[in-house]
Amino acid sequence: MFGSLRGKVLRIDGVTVLIEVGGVGYEVEMPVTSLAKISVNEEEFIYVHHVVREDDELLYGFCDLSDRTLFRELIKVNGVGPKLALAVLSSFNAHDFIAAVTSGRTGALTQVPGVGKKTAERLMVELKDRLDKLPLSDTVSTADLSKVNGMAAVVGNIAVDEAVSALIGLGYKEALAFEYVNSVAKEGMDTKQIIVAALALISGGKR
């Protein structure tokens, strides 16, 4: 089983990263909170969760060990699969998710696509007693996500369209994806920065 990868990032396509390790390219799905911390053409280290199925093998990647730990806890919850767990971690890092659960902020969790009131309540009931055991030393607050450095590019149709496509891939409806992206997109932001800012807006419950 794979536990981590270190290699050159060749491409970031939505929430899928192609990372080359020893001449082999691995496709890894990552939450946007982790995508914000890596760059194309740079060597990066990521923790991975390896899923083996009868007809496929999947890799999910995380920059922080605590995010991978939370991902593994999330997929243990009844009705929560990897896609929904990634959507949660694209809206919250581990620290902010734990804060939402321990403070009983069900409304914050329902901002995540695919998480309705019942699912949010189930997450709180099943995870509340386990979350205080997760390591938090390597996490940052959602408010810090807007400070992420990236390759600057003038916002245009390509950057906006790619950001909208990424949000749709996470489960947001097209109209809402456009609304969130257009609310945060500014000149000088690249696709990744737009996605991060949009998700920070969503997780903060501000529209």
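Of regular secondary structure, the chain possesses nine helices and five strands. The secondary structure elements of the chain, listed N-terminal to C-terminal, are β-β-β-α-β-β-α-α-α-α-α-α-α-α. Out of the 207 residues in the chain, the part that is buried amounts to 46%. Put simply, 59% of the contacts in the chain that link residues at least 6 apart link residues at least 24 apart. Summing over all exposed atoms, the chain offers an accessible surface of approximately 10,300 Å²; the carbon and sulfur share of this is 49%.

We now examine the packing of aromatic side chains. The geometry of an aromatic ring pair comes down to the distance between the two centres and the angle between the two planes. Under the definition given, this model contains six aromatic pairs. With centroids separated by 5.3 Å and ring planes inclined at 35 degrees, the aromatic side chains of tyrosine 60 and phenylalanine 71 adopt a geometry described as tilted. Here tyrosine 60 is found in strand E5 (residues 57-62), whereas its partner phenylalanine 71 is found in helix H2 (residues 65-74), with 11 residues between them in sequence. Across the pair, phenylalanine 71 and tyrosine 60 agree in class, each one buried. Look at phenylalanine 92 and phenylalanine 97: their rings are 6.2 Å apart centre to centre, the planes differ by 70 degrees, and that puts the pair in the edge-to-face class.

A word on the nonpolar core. Counting residues in each nonpolar core, the largest one holds 36 residues, and the members touching the most others are Met30, Val32, Leu167 and Leu199. Tallying contributions element by element places helix H9 (residues 191-203) first for this core, with eight residues. In terms of nonpolar packing, the next biggest core, distinct from the first, is built from 30 residues, Leu70, Val77, Leu84 and Val101 among them.

Should the charged atoms of two oppositely charged side chains come close, the side chains can pair. As enumerated under the stated definition, the model contains three salt bridges in all. The partner of lysine 37 in a salt bridge is aspartate 64, with the nearest N and O atoms 2.6 Å apart. Of this pair, lysine 37 sits in the loop between helix H1 (32-35) and strand E4 (43-52) while aspartate 64 sits in the loop between E5 and H2, placing them 27 residues apart in sequence. Measuring nitrogen to oxygen at the nearest pair gives 3.4 Å for the salt bridge that ties glutamate 73 to lysine 76. Taking relative accessible area as the criterion, glutamate 73 reaches 14% and is therefore assigned buried. Owing to a relative accessible area of 55%, lysine 76 belongs among the exposed residues under this scheme. One network of salt bridges, in which partners are shared, links Glu73, Lys76 and Arg130.

By the secondary structure assignment, glycine 14 is in the loop between strand E1 (4-13) and strand E2 (16-21). Sequence-distant contacts of glycine 14, defined by excluding residues within four places in its chain, comprise Leu35 and Ala166.

Moving on, we come to the pairing of strand E3 (residues 24-29). Relative to E3, E2 is paired through six bridges, and the arrangement is antiparallel. Within E3, the residue paired with leucine 18 across the bridge is glutamate 27. Connecting E2 to the antiparallel partner E3 that follows it, the hairpin turn spans two residues, and glycine 22 within it adopts a positive phi of roughly 60 degrees.

Attention now goes to the environment of serine 183. Along the chain, serine 183 falls in helix H8 (residues 174-184). Of the residues examined, serine 183 reaches a relative accessible area of 47% and is grouped as partly exposed. Spatially, the C-alpha atoms of serine 183 and alanine 197 are 9.2 Å apart, while their sequence positions differ by 14 residues.

With that out of the way, let us pick up the confidence of the model for the chain. Any segment with low pLDDT has predicted coordinates that should not be analysed in fine detail. Chain-level pLDDT for the chain is 81 on average; 86% of the residues reach the 70-or-more range. Long-range and interchain partners of residues 136-156, a stretch whose pLDDT sits below 50, account for 43 contacts in this model, where long-range means more than four residues apart.

The rules we used
Residues numbered from 1 in each chain as written. Predicted model: local features only at pLDDT ≥ 70, side-chain atom pairs only at ≥ 80, totals over all residues. Heavy atoms only, no water. Helix = DSSP H or I, 4+ residues; strand = E, 2+ residues; numbered from the N terminus. Buried < 20%, exposed > 50% of the residue type's maximum accessible area, 1.4 Å probe, protein only. Contact = heavy atoms within 4.5 Å. Areas by Shrake-Rupley, 256 points an atom, 1.4 Å probe, with all protein chains shown as cover. Phe/Tyr/Trp six-rings, centres within 6.5 Å; stacked < 30°, edge-to-face > 60°. Core = buried A, V, L, I, M, F, W, Y, C linked by side-chain atoms within 4.5 Å. Salt bridge = Lys/Arg side-chain N within 4 Å of Asp/Glu carboxyl O. Pairing = 2+ DSSP bridges. pLDDT = per-residue confidence, 0-100.

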